[in-house]
Every structure is written in C-alpha cells, then in structure tokens.
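This is what each chain is made of:
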Amino acid sequence: MKTYHFKELDSTNNKAKDYPPGSVIIADVQTKGSGRLSRTWSSNIGGAWFSIVLDFNEPLRLTFIAAIAVRRAVKALCSLDCKVKWPNDIYAEDKKLAGILTQCTFGDKNRCITGIGINVNNELPKSLAEATSLKLLGYKVDKDELINEIVTEFEKALKEDFNNIIKEWKASCLYLNKNIRVETVNSSCTGRFIGISEQGFMILRTEDNELVKIVEGTVYPI
Ligand code: BT5
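Residues numbered from 1 in each chain as written. Predicted model: local features only at pLDDT ≥ 70, side-chain atom pairs only at ≥ 80, totals over all residues. Heavy atoms only, no water.

### Topic: the state of the cysteines
Put simply, the test is: A pair of cysteine sulfur atoms is labelled a disulfide when the two atoms are within 2.5 Å. Burial classification: accessible surface area is computed with a 1.4 Å probe over protein chains only, and a residue below 20% of its type maximum counts as buried, one above 50% as exposed, and the rest as partly exposed.
In this structure the tally under the stated criterion is 1 disulfide. Paired by a disulfide, Cys 104 and Cys 112 hold their sulfur atoms 1.9 Å apart. Between Cys 104 and Cys 112, the disulfide has an S-S torsion of 100° and is therefore right-handed. Given a relative accessible area of 22%, Cys 104 falls into the partly exposed group. With a relative accessible area of 0%, Cys 112 lands in the buried category.

### Let's talk about helix α2 (residues 59–78)
What counts here: Secondary structure counts use DSSP, requiring at least four H or I residues in a row for a helix and at least two E residues in a row for a strand, with both numbered from the N terminus. To estimate the expected span of a helix, subtract one from its residue number and multiply by 1.5 Å.
Look at α2: 28 Å from first C-alpha to last across 20 residues, which is about the 28 Å you get at 1.5 Å a residue. Positive backbone phi, approximately 55°, marks Ser 79, located one or two places after α2.

### Things to note about the environment of Ala 171
With respect to the helices and strands, Ala 171 occurs in helix α4 (residues 162–171). Along the backbone, Ala 171 and Lys 83 are 88 residues apart, and their C-alpha atoms lie at a distance of 8.8 Å.

### Observations regarding the pairing of strand β10 (residues 202–206)
Quick note on the threshold: DSSP calls a pair of strands paired once it identifies at least 2 bridges connecting them.
Summarising burial for β10: 4 of the 5 residues are buried, a large majority. In this sheet, β10 lies alongside strand β9 (residues 188–196) in antiparallel orientation, the contact comprising 5 bridges. Bridge pairing in β10 places Gly 191 opposite Thr 206. Counting the residues that bridge the hairpin from β9 to β10 gives 5 residues, and of these Gly 200 lies at a positive phi of roughly 100°. Direction of pairing for β10 relative to strand β11 (residues 211–214): antiparallel, over a ladder of 4 bridges. Directly across from Ile 203, in β11, lies its bridge partner Lys 213.

### With respect to the side chain of Ser 51
The condition is simple: Contacts described as polar in this section are N or O atom pairs within 3.5 Å, which, within protein, must combine one atom able to donate a hydrogen with one able to accept it, while residues neighboring in sequence count only if both atoms come from side chains. It only takes one pair of heavy atoms within 4.5 Å for two residues to be counted as in contact.
With respect to the element layout, Ser 51 can be found in strand β3 (residues 48–54). According to the relative accessible area criterion, Ser 51 is buried, its value standing at 0%. Polar contacts involving the side chain of Ser 51 include one to the side chain of Thr 12, which spans 2.7 Å. In this structure the side chain of Ser 51 is engaged in a polar contact, spanning 2.6 Å, whose partner is the side chain of Asn 13. Once residues lying within four places of it in the same chain are set aside, the contact partners of Ser 51 are Thr 12, Asn 13, Ala 16, Ser 23, Val 24, Ile 25, Ile 113, Thr 114 and Gly 115.

### Some points on the packing of aromatic side chains
Just so we agree on the cut-off: To pair, rings of Phe, Tyr and Trp, with the six-membered ring standing in for Trp, must have centres within 6.5 Å; the planes then decide the type, stacked if under 30 degrees apart, edge-to-face if over 60, and tilted in the middle.
Considering all chains together, one arrives at 3 aromatic pairs under this definition. Between Phe 64 and Phe 162, the ring centres sit 6.2 Å apart and the planes meet at 80°, which makes this aromatic pair edge-to-face. Of this pair, Phe 64 sits in helix α2 while Phe 162 is found in helix α4, placing the two residues 98 residues apart along the sequence. Across the pair, Phe 162 and Phe 64 agree in class, each one buried. Taking the centre distance of 4.6 Å and the plane angle of 50° together, the rings of Phe 64 and Trp 169 count as tilted. Taken as a pair, Phe 64 in helix α2 and Trp 169 in helix α4 lie far apart in primary sequence, 105 residues in all. Judged on exposure class, the residue Phe 64 and its partner Trp 169 are both buried. Every member of this aromatic cluster is reached through a ring pair, and the members are Phe 64, Phe 162 and Trp 169.

Written out as structure tokens, the structure reads:
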C-alpha cells in the first residue's frame, strides 16, 4: 500500500476518491469527518483518521475486516481487548473508541473506500459522552505507528478466509445472543441477535420467532 499524508482534509474518504486502489490517505485533522448517514465524525488533531482504497466491492466484508485489523493492532500495541459492535463500531470499556465507514462505487471501476477513525490522543467534545480515546484509557500510543499496524493487519486479514474473520469478530461482539432493538433508517425491529450471515448481515430472531436479516442499522440493548 502507498501512503499519502495530509495535515488537513475535509474527509479522508472524500480525498480517497481521487486515488487508485492500494492507496492509504491519512489526515492529521478532518474538517468534515463523517459517519454513516452523513453524521458528523469529530476529528481533532491527535486522532488516527485514514482511508484505504481497494478495488473490491463488498462493503460489509471490508467493514468486518477493518474491525478485526483495528482490534488486532490495538491488542498488539496496547494489550487492550476491544469489543466490536455491529455493524461498524469498536468499543473499549463500554465507550466508542473507533468507527468505520466503507463507501463503494460500482460500475466501470469497482472501488471501495474503507475509512477508519480511532480516538488516540485527540480531545473529544463534551457532547460525545459515549466516546473514549486510547489516551483517556491510559495508553500512550503514536497514532502513525497505530495506523501502520492497522494497515499491515488489514492486508493480512484481507487474505484470510472470511469465515475466520466472522468467527473472531463474533467472539468479541457486544450484544450477541442478547435481546436488542435495531433502528434502521425507516423502521425499528426488536429481537434476539443470534448471528451474522456469510455476507455480514445481522440475523435477528423476532418475538414471533421469525429470522430476519438486517443490512444496516444502529443497535441498542433492551
Ligand atoms: C461511524 O459512523 O462510526 C464511522 C466513522 C468513520 C470515521 C472515519 S475517519 C476517516 C474517514 N473519513 C471520514 O470522513 N470518515 C471516516 P456512525 O456509526 O454513523 O457514528 C457516528 C456517530 O458517532 C456520531 O453521530 C456521534 O454520535 C459519534 N461520534 C462522532 N465523532 C466521534 C468520535 N471521534 N469518537 C466516538 N464517537 C464519535
């Protein structure tokens, strides 16, 4: 992978659209960092904000692979065991440490951009009471070293059998086998979170004993 480092960008995912597969775009600060559904992603100096460009068109898979890469890298550098939360969050000590945003374009050029944001040494706004950083958790980490480690783990994980990735992901998954509510853009569904499909969809068993596959949403414990 070839790395491009910028002091400031609106969003590394936006910038990455101009780069070929195999590129990694890093910014020290993002002025318009974004989450899913155009939510704002706080991206002050000190955090790890970067995007990986690939010609691969399975966004959910890439999100799982990225989560495993983040987990393994954080474990290697800090001996910290993070949890994953379906579909795109990484938690540590019950707070959100990192988020992943994979965006793909299809057509002549199949291309996916996997954006990863990890709170390392950055300050977090008070309004984000649910967020944490490696610094707040007491870990001293160089964010560029962490990015390198994640990219290395990401490349390794890309070559692994996806079933093993899912297995590892499930072993550290929040709310698996628990009753939850999932809110999607225009509906809400409750049930037991019983598994993950081969594609990375959530499998929910509803109160009527129906199995439902969910592609996207936000999970809340009930
Ligand atoms: C995400 O969205 O968690 C995906 C975040 C991806 C960020 C990376 S940074 C590099 C690349 N470039 C980008 O522009 N984006 C990617 P979502 O699941 O929708 O969560 C968004 C929500 O997380 C917000 O509505 C806030 O509640 C919360 N949030 C915002 N900034 C945060 C932060 N720094 N740490 C923890 N939580 C945050």
